[in-house]
Amino acid sequence: MPVVCFVGSSGVDKTTRIENIVAEFKARGYHIAVIKHEPHRFNIDKKGKDSWRFSRAGADIVALSSKDRVYFIQHVVEEASLEQIITIVEKQVDLVLVDGYKHSSLSMIEIVSSSVNSRIIHRPEDLLAIVSDHQIQIDIPQFSFKEVTSITNFLIEQIANGALNRRVSRMADDKK
């Protein structure tokens, strides 16, 4: 399964970059999953709603289904790994884009913004590419924030040559 993690310092606007890339892939007919790492607790249940009541009553999994969406809320003892989440979605999509998981051993593209941190935070050999608002003096592919079509073309090339199915050489904890 082709997977690429978009990583970078907090505040570099990874969400907008991924959002634009998703739209470009969708325009080309691809089925895409996005996995967002949230290091803090969150709850999509709203107090008083049926799903919240089922969870509060002790259900381990609550599924909400409508004619155009299905949501699963699963209570876990410990955080699911990125690999576990990929396993859930991989048979339904052509590509998985990941927001975060900067310690993953999967292929990564780092987002860099001069207003937050003008340097990369990962080793160049651990990155497929950089997306930035300025040029960085490193010999790996680089794209500006506006080059969504070029980034998408680059990812399609990486899918074709199998690069997004490989792990980098370092050991990693895919929970972060």
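Structure: above.
All of these numbers come straight from a predicted model, not from anything done at the bench. (Residues numbered from 1 in each chain as written. Predicted model: local features only at pLDDT ≥ 70, side-chain atom pairs only at ≥ 80, totals over all residues. Heavy atoms only, no water.)

*Asks:* Quick question: what am I supposed to make of the packing of aromatic side chains here?
*Replies:* Describing an aromatic ring pair means giving the distance of the ring centres and the angle of the ring planes. Counted according to the given criterion, the structure contains two aromatic pairs. Their ring planes at 80° and their centres at 4.9 Å tell us that Phe25 and Tyr30 sit as a pair that is edge-to-face. Tyr30 sits in the partly exposed class, given a relative accessible area of 22%. Ring geometry for Phe143 and Phe154: centres 5.3 Å apart, planes at 55°, overall tilted. With Phe143 in strand 8 (residues 142-144) and Phe154 in helix 4 (residues 148-160), this pair connects stretches of sequence that are eleven residues apart. The two residues Phe143 and Phe154 agree in class, both being buried. Over the ring of Phe145 we find Arg17; its NZ or CZ atom is 3.9 Å from the centre of that ring. (Phe/Tyr/Trp six-rings, centres within 6.5 Å; stacked < 30°, edge-to-face > 60°. Buried < 20%, exposed > 50% of the residue type's maximum accessible area, 1.4 Å probe, protein only. Helix = DSSP H or I, 4+ residues; strand = E, 2+ residues; numbered from the N terminus. Lys NZ or Arg CZ within 6 Å of the ring centre and 35° of its normal.)

*Asks:* Help me understand unusual backbone geometry, please; the structure alone is not making it clear to me.
*Replies:* Positive phi, close to 70°, is recorded for Asp13, a residue that is not glycine. For Asp13, a relative accessible area of 36% puts it in the partly exposed group. At Tyr101, a position not held by glycine, the phi torsion is positive, near 55°. Relative to the elements of secondary structure, Tyr101 occurs in the loop between strand 5 (95-99) and strand 6 (108-112).

*Asks:* Honestly, a nonpolar patch on the surface in this entry has me stumped. Any pointers?
*Replies:* A cluster of nonpolar side chains, Ile61, Val70 and Phe72, forms an exposed patch at the surface whose accessible area comes to about 330 Å². By the secondary structure assignment, Val70 is in strand 4 (residues 70-74). (Patch = residues over 30% accessible without salt bridge, like charges linked within 9 Å, V, L, I, M, F, W, Y side chains within 5 Å. Areas by Shrake-Rupley, 256 points an atom, 1.4 Å probe, with all protein chains shown as cover. Salt bridge = Lys/Arg side-chain N within 4 Å of Asp/Glu carboxyl O.)

*Asks:* How should I be thinking about the pattern of salt bridges in this particular structure?
*Replies:* Working definition: two side chains of opposite charge can pair if their charged atoms are close together. Using the criterion set out here, one finds six salt bridges in the structure. The partner of Arg123 in a salt bridge is Glu125, with the nearest N and O atoms 3.4 Å apart. Using a relative accessible area of 40% as the deciding quantity, one classes Arg123 as partly exposed. Glu125 gets classed as exposed once you look at its relative accessible area, which sits at 54%. Residues joined by salt bridges that share partners form a network here, namely Arg123, Glu125 and Asp126.

*Asks:* Would you mind showing me how to read the side chain of Gln142 here?
*Replies:* As for its placement among the helices and strands, Gln142 is situated in strand 8. At a separation of 2.5 Å, a polar atom in the side chain of Gln142 contacts the main-chain carbonyl oxygen of Ile136. If we ignore the near neighbours within four places in the chain, the residues touching Gln142 are Ile130, His134, Gln135, Ile136 and Glu147. (Polar contact = N/O pair within 3.5 Å; in protein donor to acceptor, adjacent residues only side chain to side chain. Contact = heavy atoms within 4.5 Å.)

*Asks:* Even after reading the chapter, I still don't get helix 1 (residues 14-27), so can you show me in this structure?
*Replies:* The terminal C-alpha atoms of helix 1 lie 20 Å apart, and with 14 residues this matches the ideal 20 Å at 1.5 Å per residue to within 8%. Inspection of helix 1 places Lys14, Arg17, Ile18, Ile21, Val22 and Phe25 among the buried residues, and these make up the whole buried set. Relative to the axis of helix 1, the buried residues are bounded by an arc of 135° and lie together on one face. Residues of helix 1 that are buried in the fold lie against strand 1 (3-7), strand 2 (32-36), strand 5, strand 6, strand 7 (129-132) and helix 4. A positive phi of about 90° marks Gly29, the residue just after helix 1. (Expected span 1.5 Å × (residues − 1). Arc of directions from axis to C-beta.)

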